[in-house]
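Observations on chain architecture
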Amino acid sequence: MSVSWATSSPAELRAHHARDAEERAGPLPEDVEETAVGEAGAFRGGLLFTSPDPAPGVAILYFHGGGFVAGSPATHRCVTARLAKLTGMRVLSARYRLAPEHPFPAQRDDAVAACAALAATGGGRLVLAGDSAGACVALWGLQGLDPKLHARVAGLALLYGGYGGVRGESIARSGTAENGLDSETLSIMYRRLGPMAENDRIWPIAFAAEVAAPAYVLAAELDAVFDDSALLFQHLGSRADSRFAVAAGQDHGFLKGAGRDPAALRELEALAGWLKGRVGAA
């Protein structure tokens, strides 16, 4: 079945995204425990990944990609389980409500609730992370935190994020209707978030200068939304302690193949090394 990110129904896109993730994932680390976490109040639940000897005092909160309309903690188990193994940190992959049924700010509100839920499980520092649309959700969550929770965010891991841009050199070069990252399809994707998505001030580029936590910003060299990551990094207020990394020869979503692709695994290893050096030892 041919699927279009511009015209297919949300149900079709979700089924397609889940199949693609399953086909690309590869085996999960055998020594990482996966636990389903149920809903509690405003928290939508998710999957918790724990290595055999988890590092105390720090945990990662991860938001999956999927164009705001698809994806789940299950579709990104390949990435989150390996992050738990490579960093030694607990990783909570949080569920958030999807568009178009749930317009913005539902995603931001769910990210804030997930942060509060993870913080409530113990003291220590938090890392907010996500890929593609999930990187945007992570930044929305950061923006929505109260001062007490905000102070506990020790770092960010933002992986080939889409931050609202619909035109630019990388989109013109690499965006196609087939990959769903051409200008027209991106515009449709962002409009699924509802009327508030038309306000430029909600997008992370507009508030990146306010971000104080160090950030690891990963861009894929062949990605149509490469410019979004580059522009975000340029505007970050935390650049002195941050890193902009480029995955050579890689395209959008490549980390979903980390169980099979050595190049994808190397990028996760580099991220894990940065997290342990900048956050784990803080």
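I will try to describe carefully the structure that is included in this document. (Residues numbered from 1 in each chain as written. Predicted model: local features only at pLDDT ≥ 70, side-chain atom pairs only at ≥ 80, totals over all residues. Heavy atoms only, no water.)

Now for the overall build of the chain. The helix and strand inventory of the chain stands at 10 helices and eight strands. Its C-alpha atoms give the chain a radius of gyration of 17 Å, within 12% of the compact-globule value 19 Å for 282 residues. With respect to the three principal axes, the spread of C-alpha positions in the chain is 45 × 40 × 40 Å. Taking all 282 residues of the chain together, 55% fall into the buried category. Counting contacts in the chain only where the partners sit at least 6 residues apart, residues at least 24 apart contribute 77% of the total. With an accessible surface of roughly 11500 Å², the chain has 52% of that area assigned to carbon and sulfur atoms. (Helix = DSSP H or I, 4+ residues; strand = E, 2+ residues; numbered from the N terminus. Rg over C-alpha atoms; globule rule 2.2 N^0.38 Å. Buried < 20%, exposed > 50% of the residue type's maximum accessible area, 1.4 Å probe, protein only. Contact = heavy atoms within 4.5 Å. Areas by Shrake-Rupley, 256 points an atom, 1.4 Å probe, with all protein chains shown as cover.)

Moving on, we come to the pattern of salt bridges. One pass over the full model with this rule turns up eight salt bridges. Its salt-bridge partner being Arg-44, residue Asp-110 comes within 3.3 Å of it at the nearest N-O pair. With a gap of 66 residues between them, Asp-110 in helix H3 (residues 106–119) and Arg-44 in the loop between strand S1 (33–37) and strand S2 (46–50) connect regions that are remote in the sequence. Classification of Asp-110 by relative accessible area gives buried; the value is 1%. Looking at Arg-44, the relative accessible area reads 25%, which means it is partly exposed. One network of salt bridges, in which partners are shared, links Asp-20, Arg-24 and Lys-256. (Salt bridge = Lys/Arg side-chain N within 4 Å of Asp/Glu carboxyl O.)

The next subject is the nonpolar core. Core analysis: the biggest nonpolar cluster contains 54 residues, and Phe-68, Trp-140, Leu-156 and Leu-158 have the highest contact counts within it. A per-element tally of this core places helix H4 (residues 133–144) first, with eight residues. Sequence-distant contacts of Phe-68, that is, excluding residues within four places in its chain, are made with Leu-98, Ala-99, Ala-133, Cys-136, Val-137, Trp-140, Gly-162, Met-189, Tyr-190, Leu-193 and Trp-203. The next biggest cluster of nonpolar side chains, apart from the first, holds 34 residues, and it includes Phe-49, Ile-60, Ala-247 and Leu-275. (Core = buried A, V, L, I, M, F, W, Y, C linked by side-chain atoms within 4.5 Å.)

Strand order in the open sheet formed by eight strands is S1-S2-S4-S3-S5-S6-S7-S8, with mixed pairing between adjacent strands. Lying at the two open borders of the sheet, with one neighbouring strand each, are S1 and strand S8 (243–247). For this sheet the average axis-to-axis angle between neighbouring strands, irrespective of direction, equals 20°. Of the pairings in the sheet, the one linking strand S6 (residues 153–159) to strand S7 (residues 215–220) comprises four bridges and is parallel in character. Each residue of the ladder has a partner; that of Leu-158, found in S7, is Val-217. (Pairing = 2+ DSSP bridges. Axes fitted to C-alpha atoms, helices over the stretch in contact; angles between N-to-C directions.)

This paragraph deals with unusual backbone geometry. In the segment running from Ala-99 into Pro-100, the intervening peptide bond is cis, with an omega of 0°. Structurally, Pro-100 is set in the loop between strand S4 (90–94) and H3. For the bond from Phe-104 to Pro-105, the omega torsion is 20°, close enough to zero to count as cis. Backbone geometry places Phe-68, a non-glycine residue, at a positive phi of 70°. Here Phe-68 is to be found in the loop between strand S3 (58–63) and helix H2 (77–87). One non-glycine residue with positive phi stands out, namely Ser-132, at about 55°.

In terms of residue burial, S3 counts as a mostly covered element, since six of its six residues are buried. Judged by which residues are buried, S3 turns out to be covered on both faces: Val-58, Ile-60 and Tyr-62 on one side and Ala-59, Leu-61 and Phe-63 on the other are all buried. Where S3 lies against strand S5 (residues 125–131), six bridges are found, and the strand directions are parallel. Residue pairing for S5: Ile-60 is matched across the bridge by Val-127.

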